[in-house]
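Examining the three-dimensional arrangement
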Amino acid sequence: LAYDQCYEPKYVKAPDDDQEIIPAGGYLKFGMEILPGSLIWGIYHRPASFDVPGFVFKVTDMSLGVELWDVPCPDIFVANNGPGSFPWLLNSPYPVVGSGLFNVEFWNNSGAALRCNLVFGVCEVVQCKY
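These lines cover the structure that appears in this document, whether it is placed above or below.

Conventions used here
- Residues numbered from 1 in each chain as written.
- Predicted model: local features only at pLDDT ≥ 70, side-chain atom pairs only at ≥ 80, totals over all residues.
- Heavy atoms only, no water.
- Helix = DSSP H or I, 4+ residues; strand = E, 2+ residues; numbered from the N terminus.
- Rg over C-alpha atoms; globule rule 2.2 N^0.38 Å.
- Buried < 20%, exposed > 50% of the residue type's maximum accessible area, 1.4 Å probe, protein only.
- Contact = heavy atoms within 4.5 Å.
- Polar contact = N/O pair within 3.5 Å; in protein donor to acceptor, adjacent residues only side chain to side chain.

**Observations regarding the overall build of the protein chain**
When helices and strands are counted, the protein chain shows zero helices and eleven strands. Whereas a compact globule of 130 residues would reach a radius of gyration of roughly 14 Å, the protein chain reaches 15 Å, a difference of no more than 12%. Each of the three principal axes of the protein chain carries a C-alpha extent, and together these read 55 × 30 × 25 Å. When the 130 residues of the protein chain are sorted by exposure, 42% land in the buried category. Taking as baseline every contact in the protein chain between residues at least 6 positions apart, the subset at least 24 positions apart corresponds to 81%.

**Focus on the environment of Val59**
Summarising the element assignment, Val59 is placed in strand E5 (residues 55-61). Sequence separation between Val59 and Arg46 is 13 residues; the distance between their C-alpha atoms is 18 Å.

**A word on the side chain of Ser110**
Along the chain, Ser110 turns up in the loop between strand E9 (101-108) and strand E10 (114-115). Overall, the relative accessible area of 14% leaves Ser110 in the buried class. Reaching out from Ser110, the side chain makes a polar contact with the side chain of Asn108 at a distance of 2.7 Å. In this structure the side chain of Ser110 is engaged in a polar contact, spanning 2.8 Å, whose partner is the backbone oxygen of Ala112.

Laid out in C-alpha cells, this is it:
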C-alpha cells in the first residue's frame, strides 16, 4: 500500500490539541472522521511514562457499530515514540466505510491531569494516478 497510487499517507489525531488534557479520573468522547475508502493501518502514541498508569481508550466505527477493542484498551498497549517512530500495527488494514465516523473514547486512570491522545496512520484514498 505504501507505493499504491490510489492512496496517500495521512495522520489523523484524536482528540484535537485543545481537548487532550483530561483531568484525573476524567472521560472524553471524541468524534473522528476519516475519508471513506481509506485504510487505517496503525496507531502512534507516546506515553508520558512507561512507569505510571495512563489512560484507557476505545475506538468505535459508527457506520458498522464495531468496536475495534471489545473492552477499553490501556494506552501502554499501543505505546511508541509518536510519528517518526515505528507505530503499533493493526493485524490487517481496517477499511473505512459508510460515513467514516469513529468515536474515540478516553478514560484517564492516572492520579493527575494527563495528555491523552492517539495518532492514527491512514492510507487515504485519492483519485488513482493511472
